[in-house]
Amino acid sequence: MPRAAPVGIGLRAPHYAAILERRPALAFLEVHSENFFCAGGEALEWLGRFAEAYPLSFHGVGLSLGSADPLDEVHLAKLAALAARFEPRFVSEHLSWSSIGGRHANDLLPLPFTEEALDHVVARIEAVQERLARPILVENVSSYLELPQSTIPEWEFVAEVARRSGCALLLDVNNIYVNATNHGFDARRYLDAIDPDWVGEVHLAGFERAGDCLVDTHGARVAAEVWSLFEVAVERFGERPTLIEWDTGIPPLEVLLEEAARARAILSASARAEAEVS
Amino acid sequence: MSALARIQGDFMRSLFEERAADARLEIYRRNVLATLHDALAAAYPVVQRLVGAGFFREAAERFARAVPSRSGDLHLFGGGFAAFLADYPHARSLPWLADVARLEWACHESHYAADAAAFDFAALARVPAERHGEIRFALHPSVRLVRSDHPVVAIWEANQADRDGTPERDAGPDYAVVHRESGAARPRRIERGEWEFLERLAAGATLAAASEAPGDEEAARFLAAALARYVAAGIISGFAAPDAA
């Protein structure tokens, strides 16, 4: 019996009870770290139950890695305490910013792809890794506009962040597709710029269309074009822990498990093909 | 200021203007306001039901522009909404609205507050009876005390999912203790005397000071019974024994 490919899903409150009851075969569960920053109460009790049943991944949305503001030490301390308590397999954040001058937009905002931003975000990632005493994964985000100050193509910026900081990349294939469409570049060229050794995790999610722009809503099934791009990514990077994300208009658990099965099938087919070649 | 800080400062300002300069920036502006609105709607479901979705969205967006979010943890956003509603000209005809918001924020805080160890009855039994008055009882970290001139607990109860919105009382004042019951935080209306007693305990008063015992036996019995109830309900979760004499 071949080993199941390492596919997980995003863990959201509407599915808590169903997952614990059914115990679907999933390689890991990913939560938004900030949802468990509370001091106590039932959220942490739930998380404790899931930690006993599955490997966890803590995916941060609020650290504001790319901000010119100082790192939020309170936020980091909460993340460090949470990671120490539950010992997740992965800790990840986004290659974006969300606050400046102390004001938070609580959204993943685009960085200007400049040498200055690159130096800054690399230093920040190093500081976070030092503070947490572990490597983190950093995820490429979707964007709806390109800042006119940018001087470096996004894929080179992302590759350079990984090369310089030693962080692993959480490569969101949907975000690459969304950005390729929104900004008119070749998504395969983006994948080609990424060294397979740097890819620690892959995300898949659904987008929605708003006029001429694709918006990364995490509120739909993975699009056919994104599955195709995922196949290309798997061919290039090999088997990587892969996650189905769904955050808005959350469907029954069954839908996420179907998406996870599809990802697993693509990973397994690729592994078989590789075995035949060698 | 670095170029990065300048770019980010300009971007942030544009997110909180009435309308963005171009369509792509407008996507970000709408997303940010939707996120902040959703965070408020999650913390203030009763306020939202009372005023309706449209009124709530407008109030939430005005609040989000006026009162910045200060953390990457969205659970911390929205503590000032009650004060905002108290001054909101369009809510003037709803004099109880701000107090309902205050009660909901107390529930929100309570829901995420720290846990406490089980009450240590054995340790309490070791305190000599003649020194009971010197004990300082501690409220559970999830306890919040709210008082209002309006019947806010009745309004809160009437606007839970299984109710039609008609409050059982139409006049206050209401004295409420909020705490977690089997996981979920909710308010309970209590007598004014008990509320004031709990408030003094919360401020760190000894049992004797908190009781302000008028000396009659009835009051003492009342307090002993109340104390037992609060320990059983998890509202009182611990105590500090008197210093050894």
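This structure is a prediction, so every number in the text was calculated from the model and none was measured.

## A few points about the overall build of chain A
- Scanning chain A for helices and strands turns up 9 helices and 12 strands.
- Taken along its principal axes, the extent of the C-alpha atoms in chain A is 50 × 50 × 40 Å.
- Taking all 278 residues of chain A together, 49% fall into the buried category.
- Sequence separation of 24 or more characterises 77% of the internal contacts of chain A that already satisfy a separation of 6 or more.

## A few points about helix α9 (residues 192–202) of chain B
Residues and elements named next belong to chain B.
- Listed as buried for α9 are Phe197, Leu198 and Leu201. Along the long axis of α9, the arc covered by the buried residues comes to 95°, so they all point the same way.
- Downstream of α9 by one or two residues, Gly204 has phi in the positive range, about 95°.

## What about the interface of chain A and chain B?
- In this assembly, 37 residues from chain A lie in contact with 34 residues from chain B.
- The set of elements that each furnish at least two residues to the side of chain A that touches chain B consists of β5 (97–100), β6 (103–109), α4 (115–132) and β11 (213–215) of chain A.

## A word on the sheet that holds strand β4 (residues 184–189) of chain B
Residues and elements named next belong to chain B.
- Spatial ordering of the open sheet is given by β2-β3-β4, a layout of 3 strands whose pairing is antiparallel. Every other strand in the sheet has two partners, leaving β2 (144–148) and β4 as the edge strands with one partner each. Strand-to-strand, the axes of this sheet are offset by a mean angle of 25°, without reference to chain direction.
- The pairing of strand β3 (residues 174–181) with β4 spans 6 bridges and is antiparallel. Bridge pairing in β4 places Val178 opposite Pro187.
- Its contacts with the sheet put α9 on β2 and β3, and the angle it makes with β2 is roughly 135°.

## A word on the environment of B:Ala20
- Its location among the elements puts B:Ala20 in the loop between α1 (3–15) and α2 (23–43).
- As for B:Ala20 and B:Arg229, which are separated by 209 residues in sequence, their C-alpha atoms are 56 Å apart.

## Focus: the domain arrangement of chain B
- Domain boundaries assigned for chain B yield domain 1 (1–94) and domain 2 (115–245).
- For domain 1 of chain B versus domain 2 of chain B, the separation of C-alpha centres amounts to 35 Å.

## Details of the pairing of strand β3 (residues 56–59) of chain A
All names here are of chain A.
- Burial along β3 is two-sided: Leu56 and Phe58 facing one way and Ser57 and His59 facing the other are all buried.
- Across 4 bridges, strand β2 (residues 29–32) lies against β3 in parallel orientation. Looking at β3, one finds that Val31 is bridged to Phe58.
- This β-α-β element, β2 to helix α2 (residues 42–53) to β3, shows right-handed connectivity.
- In terms of strand pairing, β3 meets strand β4 (residues 90–94) through 3 bridges, oriented parallel. The residue bridging Phe58 from the neighbouring strand is Val91, located in β4.
- Crossover handedness for the path β3 to helix α3 (residues 73–86) to β4: right-handed.

## Some points on the packing of helix α8 (residues 224–237) of chain A against helix α9 (residues 253–277) of chain A
All names here are of chain A.
- Remark: α8 packs on α9, axes separated minimally by 10 Å, with the N-to-C direction vectors making an angle of 40°. Between α8 and α9, the crossing angle belongs to the class labelled oblique. Seen from above, α8 lies across α9 with right-handed handedness. Across the interface between the two elements, Phe230, Glu231, Val234 and Glu235 of α8 pack against Ile266, Leu267 and Ser270 of α9.
- Looking at the contact of α8 with α9 residue by residue, the classes come out as 4 nonpolar, 1 polar and 2 charged.

## Looking at the sheet that holds strand β8 (residues 168–172) of chain A
All names here are of chain A.
- Spatial strand order, β1-β2-β3-β4-β7-β8-β9-β12: 8 strands in a closed barrel with parallel pairing. On average, adjacent strands in this sheet sit at an angle of 25° to one another, irrespective of strand direction.
- Note that β8 and strand β9 (residues 199–204) share 4 bridges and pair parallel. Each bridged residue has a counterpart across the sheet, and for Asp172 the counterpart in β9 is His203.

Scoring rules and cut-offs
- Residues numbered from 1 in each chain as written.
- Chains lettered and ligands numbered in written order.
- Predicted model: local features only at pLDDT ≥ 70, side-chain atom pairs only at ≥ 80, totals over all residues.
- Helix = DSSP H or I, 4+ residues; strand = E, 2+ residues; numbered from the N terminus.
- Buried ≥ 20, exposed ≤ 12 C-beta atoms within 10 Å, placed from the backbone.
- Contact = placed C-beta atoms within 7 Å.
- Arc of directions from axis to C-beta.
- Pairing = 2+ DSSP bridges.
- Axes fitted to C-alpha atoms, helices over the stretch in contact; angles between N-to-C directions.
- Domains from an automatic or database assignment.
- Right-handed = clockwise from strand over helix to strand, strands pointing away.
- Parallel < 35°, antiparallel > 145°, perpendicular 65-115°, else oblique.
- Left-handed = near helix turned anticlockwise from the far one by under 90°.
- Nonpolar A, V, L, I, M, F, W, Y, C, P; charged D, E, K, R; others polar.

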